[in-house]
Amino acid sequence: MARQKNPISRRRFLEGTGAALAAATAAPALAAQRPTLPPAPPSARTRIRLTINGVAQRIEVEDRWTLVEVLRDRVGLTGTKIGCDRGECGACTVLLDGRPVYSCSQLAVWLDGRSVQTVEGLARNGRLSPLQQAFVDHNAAQCGFCTSGQLMAATALLARNPRPSAPEVRAGMTGNLCRCSNYNAIVEAVLAASGAAPQPTAGNGGAQ
Ligand code: FES
Ligand code: FES
């Protein structure tokens, strides 16, 4: 059988390899010739007062920091999660003066003098809140990533409507997504914490 001629000649292969090696060798030298950029100017910082889970604090923050960054990275309250970091998923929900907000969408510097409650503030004297206990009893957490946000949204919901119906719970928590799609169990847990009769569900999935 006749041998098929290789379309890439030995000469062309060696020429191409040589060019690639020359480029790789020259890259560090070119990088060394680049002008050094001046250091970024320091970000403005502001000292704010925040009451977090009932404890008044003074915290110096960079003006660009969001509330969730301050909670997690400055105060060490990592129960509040960052999901989308753009006001879409609700994982970062905390209560600001009792109202649920996305803490990824609030600059901390806006909040001087305000009161924040996070998931760490729900338990009392080492005991879970009734809502937290209901989440445990009804398997309302799967991976758990959305759970702290769900708990804070539900806490606010029950504060303004202590005996919600199932549709009211679903409507009240539409801003909190669950990638595990555990919505029915979450609704059951909120209803149980409210003292309402449990609602029959068709399983753990389902649209919110
Ligand atoms: S992380 Fe804030 S809304 Fe998703
Ligand atoms: S339990 Fe996994 S995202 Fe909700």
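Structure's up top.
In this text, all values refer to a predicted model and were calculated from it rather than measured experimentally.

Glancing now at the nonpolar core. Counting 25 residues, the largest nonpolar core has L131, F135, L151, V169, M173, I186 and V190 as the members making the most contacts within it. The set of elements that each furnish at least two residues to this core consists of α3 (130–137), α4 (147–160), α5 (166–172) and α6 (183–193). Here the element with the most residues in this core is α4; it accounts for seven residues. Ignoring anything within four residues of it in the chain, the contact list for L131 reads L151, A154, T155, L158, A189, V190 and A193. Membership of the second largest hydrophobic core comes to 16 residues, among which are I48, L67, V101 and A108.

Turning our attention to the packing of α4 against α6. At a minimum axis distance of 11 Å, the contact between α4 and α6 shows a crossing angle of 40°. When the axis of α4 is compared with that of α6, the two are oblique. The element α4 and its partner α6 pack so that their crossing is right-handed. Here α4 contributes Q150, A154, L157 and L158 to the contact with α6, which in turn contributes I186, V190 and A193. Split into classes, the residues belonging to the contact of α4 with α6 amount to six nonpolar, one polar and no charged.

Read across the sheet, five strands follow the order β2-β1-β5-β3-β4 without closing on themselves; strand pairing throughout is mixed. Looking at the sheet topology across the chains shown, the edges are occupied by β2 (55–62) and β4 (99–102). Here the strands of the sheet are splayed against their neighbours by 40° on average, with no regard to which way each runs. Bridge count for strand β3 (residues 93–96) against β4 is four bridges, and the pairing is antiparallel. Bridge pairing links T93 to Y102 in β4. Lying over the sheet, helix α2 (residues 67–74) contacts β1 (45–52), β2, β3 and β5 (114–117), oriented at roughly 105° with respect to β2. The sheet contacts of α4 involve β3, β4 and β5, and relative to β3 the element is tilted by about 35°.

Below, the discussion takes up the environment of G54. With respect to the helices and strands, the residue G54 is situated in the loop between β1 and β2. Sequence spacing of G54 and V116 is 62 residues, and the spatial spacing of their C-alpha atoms is 8.0 Å.

Once that is clear, we can look at the pairing of β3. Residues T93 and L95 point to one face of β3 and V94 and L96 to the other, with burial holding for every one of them. Taking the residues that link successive antiparallel strands as the turn, the β3-β4 hairpin has two residues, and the phi of D97 there is positive, at about 50°.

In this structure, the largest pocket encloses a volume near 160 Å³. Class assignment of the residues belonging to the lining of the largest pocket gives a composition of nine nonpolar, one polar and one charged.

Pairing geometry for β1 and β2, over eight bridges, is antiparallel. Across the sheet, R45 pairs through a bridge with E62, a residue of β2. With antiparallel pairing between neighbouring strands as the criterion, β1 and β2 make up a hairpin whose turn holds two residues, including N53 at a positive phi of roughly 50°.

On to α4, then. For α4, spanning 14 residues, the distance from its first C-alpha to its last is 20 Å, which sits close to the expected 20 Å at 1.5 Å a residue. Counted residue by residue, α4 has eleven buried out of 14 residues, so it is predominantly covered. Those residues of α4 not exposed but buried are T147, S148, G149, Q150, L151, M152, A153, A154, A156, L157 and L158. The inward-facing, buried residues of α4 contact β3, β4, β5, α3, α5 and α6.

Turning our eyes to something else, we now look at the pattern of salt bridges. Under the defined criterion, the tally for this structure stands at six salt bridges. Across the salt bridge formed by E62 and R45, the nearest N and O atoms sit 3.3 Å from each other. Here the residue E62 occupies a position in strand β2, and R45 occupies one in strand β1, the gap between them amounting to 17 residues. Given the relative accessible area of 42%, R45 is considered partly exposed.

Conventions we followed
Residues numbered from 1 in each chain as written. Chains lettered and ligands numbered in written order. Predicted model: local features only at pLDDT ≥ 70, side-chain atom pairs only at ≥ 80, totals over all residues. Heavy atoms only, no water. Core = buried A, V, L, I, M, F, W, Y, C linked by side-chain atoms within 4.5 Å. Buried < 20%, exposed > 50% of the residue type's maximum accessible area, 1.4 Å probe, protein only. Helix = DSSP H or I, 4+ residues; strand = E, 2+ residues; numbered from the N terminus. Contact = heavy atoms within 4.5 Å. Axes fitted to C-alpha atoms, helices over the stretch in contact; angles between N-to-C directions. Parallel < 35°, antiparallel > 145°, perpendicular 65-115°, else oblique. Left-handed = near helix turned anticlockwise from the far one by under 90°. Nonpolar A, V, L, I, M, F, W, Y, C, P; charged D, E, K, R; others polar. Pairing = 2+ DSSP bridges. 1 Å grid on protein atoms, 1.4 Å probe; cavity = no way out; pocket = protein on both sides within 12 Å on 5 of 7 lines; lining within 4 Å. Points joined across faces, edges and corners; volume = space filled by probe spheres on them. Expected span 1.5 Å × (residues − 1). Salt bridge = Lys/Arg side-chain N within 4 Å of Asp/Glu carboxyl O.

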